[in-house]
Structure formats: structure tokens, C-alpha cells
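Listed below are the residues making up each chain.
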Amino acid sequence: MIKAGIIGSTGYAGSELVRLLMGHKDVEIVWYGSKSYTDKKYYQVYQNMFRIVDNVCRDDNMEELSREADVIFTATPQGLCASLVSEEILSRCKIIDLSADFRIKDVKTYEEWYHLKHPAAQYLPEAVYGLCEINREQVKQARLVANPGCYPTCSTLSIYPLLKEGLIDGNTVIIDAKSGTSGAGRGAKVDNLYCEVNENIKAYGVATHRHTPEIEEQLGYAAGYPVTINFTPHLVPMNRGILVTAYASLKKQATEEEIRDIYHHYYDKEQFVRVLDPEFCPQTKWVEGSNYVDVNVKLDPRTGRVIMMGAMDNLVKGAAGQAVQNMNLMFGLEENTGLCQVPMFP
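A brief look at the structure comes next.

What follows deals with the pattern of salt bridges. This model, assessed by the stated rule, comprises 23 salt bridges. Between Glu 64 and Arg 58 there is a salt bridge, with its nearest N and O atoms 3.3 Å apart. Measuring nitrogen to oxygen at the nearest pair gives 2.8 Å for the salt bridge that ties Arg 143 to Glu 126. Of the two residues, Arg 143 sits in the loop between helix H7 (132–140) and strand E6 (144–146) while Glu 126 sits in the loop between helix H6 (107–114) and strand E5 (128–129), which places them 17 residues apart along the sequence. Judged by relative accessible area, which is 23%, Arg 143 ranks as partly exposed. Accessibility expressed as a relative area gives 32% for Glu 126, which makes it partly exposed. Bridged by salt links that share partners, the residues Glu 16, Arg 19, Arg 240 and Asp 313 form one connected network.

This brings us to the sheet that holds strand E3 (residues 71–74). As summarised here, the arrangement of the six strands in space is E2-E1-E3-E4-E6-E5, forming an open sheet in which the pairing is parallel. The sheet is open, and its two edges are formed by strand E2 (27–33) and E5, each paired on a single side. Across six bridges, the pairing between strand E1 (residues 2–7) and E2 is parallel. Across the sheet, residue Gly 5 finds its bridge partner in E2, namely Trp 31.

At the N-terminal end of H6, a side-chain oxygen is found 3.2 Å from the backbone nitrogen of Lys 108, two or three residues along, and the residue is Asp 106. Looking one or two places after H6, you find His 115, whose phi comes out positive at around 55 degrees.

Reading guide: rules and limits
- Residues numbered from 1 in each chain as written.
- Predicted model: local features only at pLDDT ≥ 70, side-chain atom pairs only at ≥ 80, totals over all residues.
- Heavy atoms only, no water.
- Salt bridge = Lys/Arg side-chain N within 4 Å of Asp/Glu carboxyl O.
- Helix = DSSP H or I, 4+ residues; strand = E, 2+ residues; numbered from the N terminus.
- Buried < 20%, exposed > 50% of the residue type's maximum accessible area, 1.4 Å probe, protein only.
- Pairing = 2+ DSSP bridges.
- Polar contact = N/O pair within 3.5 Å; in protein donor to acceptor, adjacent residues only side chain to side chain.

Written out as C-alpha cells, the structure is:
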């Protein structure tokens, strides 16, 4: 059995990790970390775990945890994992970080967008960006994985095939994205109160959202040149889900059938990326509670642009599910172990 510890187990992503790992046949959770609820029983924080998890929440002592666990998940605010990680800890266990601490390779870019001084920049070169469909082989060899952000996961998988094939101009990419409120985390904020969110939709982080450089870096790897994009996220009044609609200009002529063939070439063997039939647009309700990403594409010959669409659950494929997928690869398990849940509806 793989012994797993979770630092930040009482946040939304952390609690989703608990839910998924409780159903994983090869994992035992040995540490439910929570600085806010230390010494409180886990089910007293999440009553859905009553008579399922009787463990008491512990603190964020990664040093001690590394002596008990084979893998540590850090579902914590930016800066915490990087402030705790050390060579000694990495020599004893693997780390999957759900924050942004190791996603961006350029330390100056990280510090500029996150307004933090990076405390462990020496690990940036070795940290593997854990988008399994693209970096599968690197993840298998990693001891430190940077679990991708939710918006970057959906955006990159929606756009990647056409950019990798050189069919679109990366510097014309515009991403319009929408997320449920769980994407903002569990912390109390006025903007996330029921009366503020209900019956409302709004853009936020316009031209300044911190996922922008992460998306640009990943799209740049696909394109083979630096990419600059417009990325605008929106908050919608639902619990879960991300919908991405992205636009880009074609670099060369192609039919919609040829474009669709590219998506099928990249994703037909990927269990968790589903290329929808031509007449269907991705919808968040058809992926809720699952590790699936639904994608589709539409050519607009009138404007010479292509519309790329994706939908996924921000807490599963956008966070905890992807972290479990990475763990499976790192420990030589079948990649889908513990992740075969059918999407929930209604």
C-alpha cells in the first residue's frame, strides 16, 4: 500500500483528494493535515466523512510527515510547499504540489505574478509539470510534480493539438473561461458570499490573472516559440466546473474535418480526454465529479479563426483527480486507478 499524506486536507481540493483516495485500492491516507483544524476529527469538518474517516487532523509538519508517507500532497496556498520542501524530505518521499510553487520555470515570472519571493527556486529545474497527457514519461521518473492549475489544464488540453501541429498562431489566442465558486477556495471572502455570487456572472482578474503565465508557458512549449495570450476568467454561480472557449487565427488553410482528425490523433487513446461528436459542445454538467475533460472544435471559415472548447470539473481533473493520476504514474500503477468514476448527473 502507498502511504499518503495530505497537507491542506480541509480545503476543497484537499477534501476531494480524501474522497478519491478513500476509493483507491492501493492507497492508505496516514496524515490529514490542516493548520486550521489541528486536533479536530476530520468528519467534524466534513460530515460526509462521518463513520468513514475517524482520523484527527494534524499540522503541516512536512519533515515528520515525510517519515510516515511515501507521497505527500500539498493542497495549500502559494509559497507553503516551497517553504517546507528540502532535499532530505525528497530523499524519503515524493511530493505532488497542488499550488503554483513549481509550475512556472522562470523564478522572476513567478515572483512577478504571485508577489512572493520563491523560497526553493533550486527545485524548479527538476519539478515536472504534471499534465499527464503531455508529460506522462517525465512524470513517471519524477520525485517532485507541480500539479497544473485548473484553468491551465482545461485551456492547454483544449488548444494543444492545433498549436503543436502549427495550425494556429499562438499569439492570436484568446481564452474566455468560466469557473464555479469552488475554484476560489474555501476561505471566507465577501466576493464569494451567496448574495454576491447568486444570479450573477462576472469577469475577474482581467489581464492580471495569475494563471496567465502558466498557460503561456505551456502553450509556448507546444508552439515552439514564446506565446502571449489574452486570458479572461469569469465566476459563475455553480459549485463545480470550468468551461473554456478559446479562439485563434489559422496559419494555413484547413477543413474542419482535417482539424477534427488532429484532435482524434492526439486524444483517442487518452481515457480522460473525450473528443465530442461534431454537433455537441462541451458542458460542465456532463463531467461533474469525474476526471474527464470534454473537448471540441469548430472552424469559422468566414473569419479564418477556429474555436476550441473544453469542459471539466475544476476539483477533479483540475486539482485532486489530476494529482491522483500523477501519483499513479509516479508509483507505476495503472494511470486510471481510483479515477474511473462516471460523471454525476443530475
